[in-house]
Amino acid sequence: MDFLKYINQALDSQCYPALPQGLYEPIRYTLEGGGKRIRPVLLLTTAYAYGATPEQALPAAIAIETYHNHTLLHDDLMDQAALRRGRATVWTKWDANTAVLSGDTMLLRAMATLGQCQCERWDELYELFVSTFIGVCEGQQMDMNFEQMQADEVNISEYIEMIRLKTSILVACAAKAGGIIANAETEDCNLLYAFAEKVGLAFQLQDDMLDVWGDPAIFGKANGGDIACGKKTYPLLTAFSLTDSETRKELLKLINDKEASEAGRIKRVTEIYNSMQVRKACEEAVEAYYDEATALYNLLPLSEEKKLPIWQWAEALLGRQK
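Figured I'd write up the structure that's included with this text.

Each value, and the rule that gives it
Residues numbered from 1 in each chain as written. Predicted model: local features only at pLDDT ≥ 70, side-chain atom pairs only at ≥ 80, totals over all residues. Heavy atoms only, no water. Helix = DSSP H or I, 4+ residues; strand = E, 2+ residues; numbered from the N terminus. Buried < 20%, exposed > 50% of the residue type's maximum accessible area, 1.4 Å probe, protein only. Lys, Arg positive; Asp, Glu negative; His and termini not counted. Salt bridge = Lys/Arg side-chain N within 4 Å of Asp/Glu carboxyl O. Contact = heavy atoms within 4.5 Å. 1 Å grid on protein atoms, 1.4 Å probe; cavity = no way out; pocket = protein on both sides within 12 Å on 5 of 7 lines; lining within 4 Å. Points joined across faces, edges and corners; volume = space filled by probe spheres on them. Nonpolar A, V, L, I, M, F, W, Y, C, P; charged D, E, K, R; others polar. Phe/Tyr/Trp six-rings, centres within 6.5 Å; stacked < 30°, edge-to-face > 60°. Expected span 1.5 Å × (residues − 1). Core = buried A, V, L, I, M, F, W, Y, C linked by side-chain atoms within 4.5 Å.

**A few points about the side chain of Arg39**
Checked against the element boundaries, Arg39 lands in helix 3 (residues 38-49). Despite being buried, Arg39 has no salt bridge partner; Glu65 is the closest side chain of opposite charge, sitting 5.0 Å away. Those residues in contact with Arg39 that lie beyond four places of it in its chain are Ile64, His68, Leu170, Val171 and Ala174.

**Side note on empty space enclosed by the protein**
One way to see where empty space is left: roll a probe the size of a water molecule over the atoms. Under the defined criterion, the tally for this structure stands at 2 cavities of 30 Å³ or more. There is about 120 Å³ of room inside the largest cavity. Taken together, 13 residues make up the lining of the largest cavity; nearest its centre are Tyr29, Thr30, Asp76, Arg84 and Val90. At the level of elements, helix 2 (21-31), helix 4 (54-79) and strand 2 (87-88) are the ones that each hand at least two residues to the lining of the largest cavity. With 4 residues, the top contributor of residues to the lining of the largest cavity is helix 4. Tallied by class, the residues present in the lining of the largest cavity amount to 5 nonpolar, 4 polar and 4 charged. Considered as a void within the structure, the second largest cavity measures approximately 30 Å³ in volume. Around the second largest cavity, the lining residues are Val212, Asp226, Ile227, Lys231, Thr233, Pro235, Leu236, Ile255 and Tyr273. Contributions of two or more residues to the lining of the second largest cavity are made by helix 11 (225-228) and helix 12 (234-242). Residues belonging to the lining of the second largest cavity are distributed by class as follows: 6 nonpolar, 1 polar and 2 charged.

**A short note on the packing of aromatic side chains**
Under the definition given, this model contains 11 aromatic pairs. With a centroid separation of 6.2 Å and an interplanar angle of 35 degrees, the aromatic rings of Tyr16 and Tyr24 are classed as tilted. The residues Tyr16 and Tyr24 share a single accessibility class, namely buried. Relative to Tyr297, the ring of Phe195 has its centre 6.1 Å away and its plane inclined at 45 degrees; by these criteria the two rings are tilted.

**What to know about the pattern of salt bridges**
For the coordinates displayed, the defined rule picks out 12 salt bridges. For the salt bridge of Arg164 with Glu161, the shortest nitrogen-to-oxygen distance reads 2.9 Å. Taken together, the residues Arg164 and Glu161, both in helix 8 (residues 156-181) and 3 residues apart, mark about one turn of the helix. Two residues, Glu250 and Arg268, come together in a salt bridge whose shortest N-O distance is 2.7 Å. Taken together, the residues Glu250 in helix 13 (residues 245-256) and Arg268 in helix 14 (residues 262-275) connect sequence positions 18 residues apart. Glu250 gets classed as partly exposed once you look at its relative accessible area, which sits at 29%. Classification of Arg268 by relative accessible area gives partly exposed; the value is 31%. Each of the salt bridges in this network shares a partner with another, and the network as a whole consists of Glu250, Lys267, Arg268 and Glu271.

**Here's the deal with the layout of surface pockets**
Here the second largest pocket is characterised by a volume of approximately 380 Å³. Considering every element that reaches the lining of the second largest pocket, the biggest residue donor is helix 16 (residues 304-318), with 7 residues. Class assignment for the residues of the lining of the second largest pocket results in 11 nonpolar, 2 polar and 4 charged.

**Focus on the environment of Cys282**
Residue position: Cys282 is located in helix 15 (residues 278-299). Its relative accessible area of 1% is what places Cys282 among the buried residues. Beyond its immediate stretch of four places on either side in the chain, Cys282 contacts Met209, Trp213, Tyr234 and Pro235.

**Some details on unusual backbone geometry**
Here the residue pair Leu19 and Pro20 is connected by a cis peptide bond, since its omega of -5 degrees sits within 30 degrees of zero. Relative to the helices and strands, Pro20 is located in the loop between helix 1 (3-12) and helix 2.

**Quick look at helix 15**
If you check helix 15, its first and last C-alpha atoms are 32 Å apart, about what 22 residues at 1.5 Å a residue would give, namely 32 Å. Next to the buried residues of helix 15 lie helix 8, helix 9 (186-213), helix 12, helix 14 and helix 16.

**Quick notes on the environment of Met276**
Residue placement: Met276 occurs in the loop between helix 14 and helix 15. Residue classification places Met276 among the buried residues on the basis of a relative accessible area of 16%. Each C-alpha atom, one on Met276 and one on Asp188, is 41 Å from the other, the two residues being 88 residues apart in sequence.

**Things to note about the nonpolar core**
One finds Leu43, Leu125, Phe129, Phe195, Leu205, Tyr273 and Trp313 to be the most contacted residues of the largest nonpolar core, which totals 106 residues. Element by element, the count of residues in this core is highest for helix 8, at 15 residues. Sequence-distant contacts of Tyr273, that is, excluding residues within four places in its chain, are made with Val212, Trp213, Ile227, Pro235, Leu236, Ala239 and Val278.

What follows is the structure in structure tokens.
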């Protein structure tokens, strides 16, 4: 079943009031912006694998996608990002106040849509969504805290916890929600959560790695964007964990010196990464999370035919084959 098409049709058919235009037009604009719909596709996939119909799970799928896009409105404003998926972000197309208010409305719309879900375990589903949404905010705050710190003041375990909260748990929420809606066994729901959480971590670390070494023609942007803005990423923190004090000082200077040539800074930092085999360390970390996800997937007590679409979702996200 083409869940992506199904979700896009459902999003297109969402009814928003015509007035006030300044509140709802940015919401329509945001949800029309496309995207892979990673989370709602996973939610429908796990629900279907355990016997629920797409119609049963659709309100939760729309809710999680609406919430995800709510976070993007606020993230773009906090990051002062001008573009999202090749289009002007809401705060630049309208203004900052609109991004806040429309984003808040999307959050409330997400919870209202979730309330339409017919689920025997409603309290469990509601608690999962609320605790996940709070966790995402905690991850965002950690990320903001990191921005005020020097790169050598953030360790790898702290970074992993930040991306787990900011990115992975929303993916995990989608997987588990599908199981809850289908009334799967609690152990199965927990396996789905853990599986998707590991996939989410692998995906984020792979994204960090591609920013440095990815093919711009495939990745869609020039290499070194994270280096240029001094973002604390897995490659940078790995480099600090491996290097000597002199190279650490050089890295700090390169990351912080925004007056120097951006191209020169990116080139030199990448050279340091290469000299210390940072890429290999990143690949090993991605592979470790991938292997953990594989092991968890193999524990799902479903026939291979029923659970294969769940693995195919992970393959598509990570761009690889099992």
